[in-house]
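# Chain and residue survey
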Amino acid sequence: MKFNTKTIHGGQQNDPSTGAVMPPIYQTSTYAQSSPGKHKGYAYSRTENPTRTALENSFAAIENGTHGLAFSSGLAAIDCVLRMLNPGDEVIAGDDLYGGTYRIFTRMFQKKGLKFSFVDMNSVENVTNAITEKTKLIWIETPTNPLMKIADIEAITKAVKKVNSVILIGVDNTFATPYLQQPLALGVDIVMHSATKYLGGHSDLVMGALMVKDVKLAEELHFIQFAAGAIAGPMDSFLALRGIKTLHLRMQRHCENGRAVAAYLVKHPKVKEVYYPGLENHPSYEVAKKQMKDFGGMVSFKLKDESQKATFTFLENTKIFTLAESLGGVESLVNHPATMTHASIPEQERLKTGITDSLIRLSVGIEAIEDLLKDLEQALGK
């Protein structure tokens, strides 16, 4: 199937008992058994649930994997990956990460004995030079949150596997979505999504996803999920599956609007700098062009007046862009990373990577572009 067809039909079948086209919401915790240990494939919903199974099959299909796992949040999915490691193991990650990822790395698992190195993944050599005999996982986020940095997934994967083929490589594909970028096809082992964002697409659920190709890896991750219990519920699974069915349509408009917003901001006299991989002056434009179908709907920028007053005035005066956490919904959102999504990162570390108090992040929705540009114009004019 082509991608657009997979979002609707991938891994799906009509309900065998009724013929329902959409999988029912199996709002049940347990299932009848004909004899001890004999059941119809489902015994307890922490282990498996038919609605969640339908979603996980869809997850696998849209990322060209063999197995998908649905979690209670994106961070629960990351937590599951890290639980495969042992004290003393080392993880190499990008130096520009979602604040929640940085927090779980440094304030939870570092205390449990894992070691984390944060490097600029614009350079493949920065990654390979950080590898030691204790390195067990490379964690790539691309495009990054919030500075829109691009890592060359295929180049990093080939270089790392050449050094040590057993090192796992995981990619946070949240910003790109499987519509734009498919890391499993580029050789990585694990793809993670905050399905709260573009996969769900309507700001009405919190969920995480893992997709893999290797059966043994899938079994290990599933066991951790089952044992720890960080599962997605049936109602949220139903909503996420519904969201995926329009992913390709939504992403087309997100990309179209994102390009237009970036082009507008670049020319605005009050804007100092725009971070968007679709701009030809982006340092990794060619890499993004190579590994992504389009450039997405996330745009970050800084004003020439970098004072808190100017930044907050803009943030407080948008009318269509809603000031809120999160991203990837049909509606446009505006975010202040330093005080919101990345507040858990120490200021010194934020400033090192360029997350200053004047940085603004836009999640460009699917509204009429004329209305979005008018909103930016009036907010910038305040």
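These lines cover the structure that appears in this document, whether it is placed above or below.

Rules used throughout
Residues numbered from 1 in each chain as written. Predicted model: local features only at pLDDT ≥ 70, side-chain atom pairs only at ≥ 80, totals over all residues. Heavy atoms only, no water. Pairing = 2+ DSSP bridges. Helix = DSSP H or I, 4+ residues; strand = E, 2+ residues; numbered from the N terminus. Axes fitted to C-alpha atoms, helices over the stretch in contact; angles between N-to-C directions. Contact = heavy atoms within 4.5 Å. Salt bridge = Lys/Arg side-chain N within 4 Å of Asp/Glu carboxyl O. Buried < 20%, exposed > 50% of the residue type's maximum accessible area, 1.4 Å probe, protein only. Parallel < 35°, antiparallel > 145°, perpendicular 65-115°, else oblique. Left-handed = near helix turned anticlockwise from the far one by under 90°. Polar contact = N/O pair within 3.5 Å; in protein donor to acceptor, adjacent residues only side chain to side chain.

### Looking at the sheet that holds strand β3 (residues 115-119)
Strand order in the open sheet formed by seven strands is β1-β7-β6-β5-β4-β2-β3, with mixed pairing between adjacent strands. Every other strand in the sheet has two partners, leaving β1 (67-71) and β3 as the edge strands with one partner each. The mean inter-strand angle of the sheet, taken between neighbouring strand axes irrespective of direction, is 20°. Inspection of the sheet shows strand β4 (residues 135-141) paired to strand β5 (residues 168-172) by five bridges, in the parallel sense. Pairing of Trp139 across the sheet is with Gly170, part of β5. Along the sheet, helix α2 (residues 50-62) makes contact with β1 and β7 (208-212), crossing β1 at roughly 125°.

### Re the pattern of salt bridges
Evaluated as defined, the whole model comprises 12 salt bridges. Notably, a salt bridge pairs Arg52 with Glu56, separated by 3.7 Å at the nearest N-O pair. Placement of both Arg52 and Glu56 in helix α2 is noted, with a separation of four residues, approximately one turn of the helix. On the accessibility criterion, Glu56 (7% relative accessible area) is buried. In this structure, Asp95 and Lys149 form a salt bridge, with 2.8 Å as the shortest nitrogen-oxygen distance. Taken together, the positions of Asp95 in the loop between β2 (90-94) and α4 (99-109) and Lys149 in the loop between β4 and α6 (153-163) put the pair 54 residues apart, joining distant regions of the chain. Among the charged side chains, a salt-bridge network with shared partners connects Asp95, Asp120 and Lys149.

### Some remarks on α6
Buried within α6 are the following residues: Ile153, Ile156, Thr157, Ala159 and Val160. Structurally, α6 contributes buried residues whose contacts are with α5 (124-130), β4, β5 and α11 (285-291).

### What to know about the packing of helix α3 (residues 74-82) against α4
Running from N to C, α3 and α4 point in directions that differ by 40°, and their axes come no closer than 10 Å. Accordingly, the angle class assigned to the pair α3 and α4 is oblique. Between α3 and α4 lies a crossing whose hand is right-handed. When α3 is examined against α4, the residues Leu75, Ile78, Asp79 and Leu82 are found in contact with a partner set consisting of Gly100, Thr101, Arg103, Ile104, Phe105 and Phe109.

### Considering the sheet that holds strand β10 (residues 322-323)
Across the sheet, which stays open at both edges, the five strands sit in the order β8-β9-β12-β11-β10 with mixed pairing between neighbours. On the outer flanks of this sheet lie β8 (271-275) and β10, each paired with one strand and no other. In terms of strand pairing, β10 meets strand β11 (residues 333-335) through two bridges, oriented parallel. By the bridge assignment for β11, Thr322 is matched with Leu333.

### Digging into the side chain of Ser332
Its location among the elements puts Ser332 in the loop between β10 and β11. In this structure Ser332 comes out as buried when scored by relative accessible area, which is 0%. At a separation of 2.7 Å, a polar atom in the side chain of Ser332 contacts the main-chain amide nitrogen of Gly365. Of the polar contacts made by the side chain of Ser332, one reaches the side chain of Glu367; its length is 2.7 Å. Those residues in contact with Ser332 that sit more than four places away from it in its chain are Ile320, Phe321, Thr322, Ser363, Val364, Gly365, Glu367 and Leu372.

### Quick notes on the environment of Ser73
Counting through the fold element by element, Ser73 comes out in the loop between β1 and α3. Residue class for Ser73 comes out buried when judged on its relative accessible area of 19%. For the pair Ser73 and Ser307, spaced 234 residues apart in the sequence, the C-alpha separation amounts to 35 Å. With residues up to four places along the chain from it excluded, the contact list for Ser73 reads Val206, Met207 and Gly208.

The values reported here are purely geometric and, on their own, carry no functional implication.
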